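Spelled out, the chains give:
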Amino acid sequence: YLLKKGYDMLMLQEDFNYHDVLSVFLEDDYKMDEWTGDVDIVGRTIEYLHLQNHRFECDGLMACWKNDLTVTPAGRTSWQQNFGKFSHAADELIRKGFRRSELTLANGTRILVYNMHMDAGDLADEKEGVDTLDRAARLSQWQQLKDDVLDHLDTRPIIVVGDMNSYYCRDQIKAKFIDAIADSGKGTASDVWVELEKGGKYPAPVEGIVACEDDANMLENGEVLDKIICINPTTGTKIKPVSFVYDTEGYKHAGKPLGDHNPVAATFV
């Protein structure tokens, strides 16, 4: 699927136990970020009497870049706040966080790209009204991400990509991230889906359950948990999104989706 699409950059999450199978097909055409391991207990020392203290050191993040791109990975950053060890999607079992990479395109344009995976929740918790701490963890992560973006926002544009496990109508993304970047005076941020599909109008916050029962995690207004956000500096190089695709074409094998989220893709000029 990925080779057929031929995307310049791939930002993957939950790259754990299937990494070897995935990477063997991509290694000729793409440079790859550091793989930080699987979630298998085989070969690991596990203190079973104190499982609450165990955490796999992997983050599941993987970025792939076409060979003609010059890339400098800037390391990995763990979230300062998570919630859920053996419940609430078990976010504390791994080192969830984000990665930042510095890219130089073939035409000489320099950009920064973020790849991340934020805290998850589940429908049962939301229905029972016990997802408050999941949402608080995600809010903390959006604020941590915003601080890091502002620390590195200079004259280069930034693309933020990932499984945010967030909906605009449920989490305070617009106020705490989109608007906060604009308020800094250093740049402006816009969600590519909102800009191209919704005329720039962000979904308003709502009360109650918003999660979906189906596997697509798509709301009635077309919003999904995975997002692509474009940030342009006040002074410097600017980029513009010209297409956004919820890319389900060919994303099945033997009648089943290749992953638990359908991909989103964007084109910039």
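Residues numbered from 1 in each chain as written. Predicted model: local features only at pLDDT ≥ 70, side-chain atom pairs only at ≥ 80, totals over all residues. Heavy atoms only, no water.

**Re the overall build of the protein chain**
Applicable threshold: Numbering of helices and strands runs from the N terminus, with a helix taken as a DSSP run of H or I at least four residues long and a strand as a DSSP run of E at least two residues long. Using C-alpha atoms as the atom set, the radius of gyration is obtained and then compared with a globule rule of 2.2 Å times the number of residues to the power 0.38. For the exposure calls, accessible area comes from a 1.4 Å probe over protein chains only, and a residue counts as buried if that area is under 20% of its type's maximum, exposed if over 50%, partly exposed in between. In what follows, residue pairs with any heavy atoms lying within 4.5 Å of each other are defined as contacts. Surface exposure here means Shrake-Rupley accessible area, sampled with a 1.4 Å probe, where a residue is shielded only by the protein chains that are shown. Residues counted as positive are Lys and Arg, residues counted as negative are Asp and Glu, and His and the chain ends are not counted. Each charge is placed at NZ for Lys, CZ for Arg, CG for Asp and CD for Glu.
When helices and strands are counted, the protein chain shows six helices and 13 strands. At 18 Å, the protein chain has a C-alpha radius of gyration in line with the 18 Å of a compact globule built from 269 residues. Taking the principal axes of its C-alpha atoms as reference, the protein chain extends roughly 55 × 45 × 40 Å. Burial status across the protein chain gives 46% buried among its 269 residues. For the protein chain, restricting intrachain contacts to residue pairs at least 6 apart in sequence, the fraction spanning at least 24 positions comes to 71%. Summed over all atoms, the accessible surface of the protein chain reaches about 13,500 Å², with 50% contributed by carbon and sulfur. For the protein chain, the separation between the mean place of its 29 positive charges and that of its 46 negative charges on side chains is 4 Å.

**Overview of empty space enclosed by the protein**
Applicable threshold: A cavity here means a set of points on a 1 Å grid, drawn over the protein atoms and nothing else, where a 1.4 Å probe fits but cannot get out; a pocket is an open set with protein on both sides within 12 Å along at least five of seven lines, and a residue lines either one if it has an atom within 4 Å of a point. Grid points are joined across faces, edges and corners, and a volume is the space filled by probe spheres set on the points. When residues are sorted by character, Ala, Val, Leu, Ile, Met, Phe, Trp, Tyr, Cys and Pro go into the nonpolar class, Asp, Glu, Lys and Arg into the charged class, and all the rest, Gly among them, into the polar class.
Taken as a whole and judged by the stated rule, the model has one cavity of 30 Å³ or more. Of the pockets and cavities examined, the largest cavity occupies roughly 40 Å³. Every residue along the wall of the largest cavity is listed here: Asp-191, Trp-193, Gly-222, Glu-223, Val-224, Asp-226, Lys-227, Ile-228 and Phe-244. With three residues, the single largest contributor to the lining of the largest cavity is strand β9 (residues 226-233). Of the residues contributing to the lining of the largest cavity, the split by class is four nonpolar, one polar and four charged.

**What to know about the environment of Gly-121**
Residue position: Gly-121 is located in the loop between β6 (110-117) and α3 (123-128). With a relative accessible area of 36%, Gly-121 lands in the partly exposed category. In this structure, the C-alpha to C-alpha distance between Gly-121 and Pro-205, residues 84 residues apart in sequence, is 18 Å. When neighbours within four sequence positions are excluded, Gly-121 is seen to be in contact with Ala-89, Asp-134 and Arg-138.

**A word on helix α5 (residues 173-184)**
What counts here: Take the residue count of a helix, subtract one, and multiply by 1.5 Å to get its expected span. Relevant arc is that of directions from the helix axis to the C-beta atoms, nothing else.
The terminal C-alpha atoms of α5, which comprises twelve residues, lie 16 Å apart, in line with the 16 Å expected from a rise of 1.5 Å per residue. When we look at burial in α5, the residues that qualify are Ile-173, Phe-177, Ile-178, Ala-180 and Ile-181. The buried side chains of α5 occupy one side of the element, clustering within an arc of 160° when seen end-on. For α5, the elements touching its buried residues are α4 (132-152), β7 (158-163), β8 (187-191) and β9. Backbone geometry just after α5 places Gly-185 at a positive phi near 80°.

**Brief notes about the packing of α4 against α5**
This is how the line gets drawn: Throughout, an axis means a line fitted to C-alpha atoms (over the contacting stretch in the case of helices), and angles, computed between N-to-C directions, take values from 0 to 180 degrees. Any angle that is under 35 degrees is reported as roughly parallel, and any over 145 degrees as roughly antiparallel; angles of 65 to 115 degrees are reported as roughly perpendicular and all others as oblique. Each helix crossing is assigned a hand: it is left-handed if the near helix lies turned anticlockwise from the far helix by less than a right angle, otherwise right-handed if that turn is clockwise.
Viewed as axis vectors pointing N to C, α4 and α5 meet at an angle of 20°, and their least axial separation amounts to 9 Å. When the axis of α4 is compared with that of α5, the two are roughly parallel. As α4 runs across α5, the sense of the crossing is right-handed. Residues Leu-139, Trp-142, Gln-143, Leu-145, Lys-146, Val-149 and Leu-150 of α4 pack against Ile-173, Lys-176, Phe-177, Ala-180, Ile-181 and Ser-184 of α5. Classifying every residue of the contact of α4 with α5 gives nine nonpolar, two polar and two charged.

**Observations regarding the pattern of salt bridges**
Under the convention used in this document: The term salt bridge refers to a side-chain nitrogen of Lys or Arg lying within 4 Å of a carboxyl oxygen of Asp or Glu.
In total, this model carries 17 salt bridges according to the counting rule given. Residue Asp-59 pairs with Arg-99 through a salt bridge whose shortest N-O separation is 2.9 Å. In this pair, Asp-59 is assigned in the loop between β2 (30-32) and β3 (62-66) and Arg-99 in strand β5 (residues 97-104), connecting sequence segments 40 residues apart. Since its relative accessible area comes to 2%, Asp-59 is described here as buried. Relative accessible area serves as the criterion here: at 4%, Arg-99 is assigned to the buried category. Residues joined by salt bridges that share partners form a network here, namely Glu-126, Arg-135, Arg-138, Arg-170 and Asp-171.

**Quick notes on the pairing of β5**
Heads up, the rule is: One bridge is not enough; two strands pair if DSSP finds at least two bridges between them.
Most of β5 is tucked away: six of the eight residues are buried. When strand β4 (residues 70-78) meets β5, the two strands line up antiparallel, connected through seven bridges. Pairing of Thr-70 across the sheet is with Thr-104, part of β5. Pairing of β5 with β6 involves seven bridges; the strand directions are antiparallel. Considered in β6, the bridge of Arg-99 is made with Asn-115. Counted between consecutive antiparallel strands, the loop separating β5 from β6 contains five residues, among which Gly-108 sits at a positive phi close to 95°.

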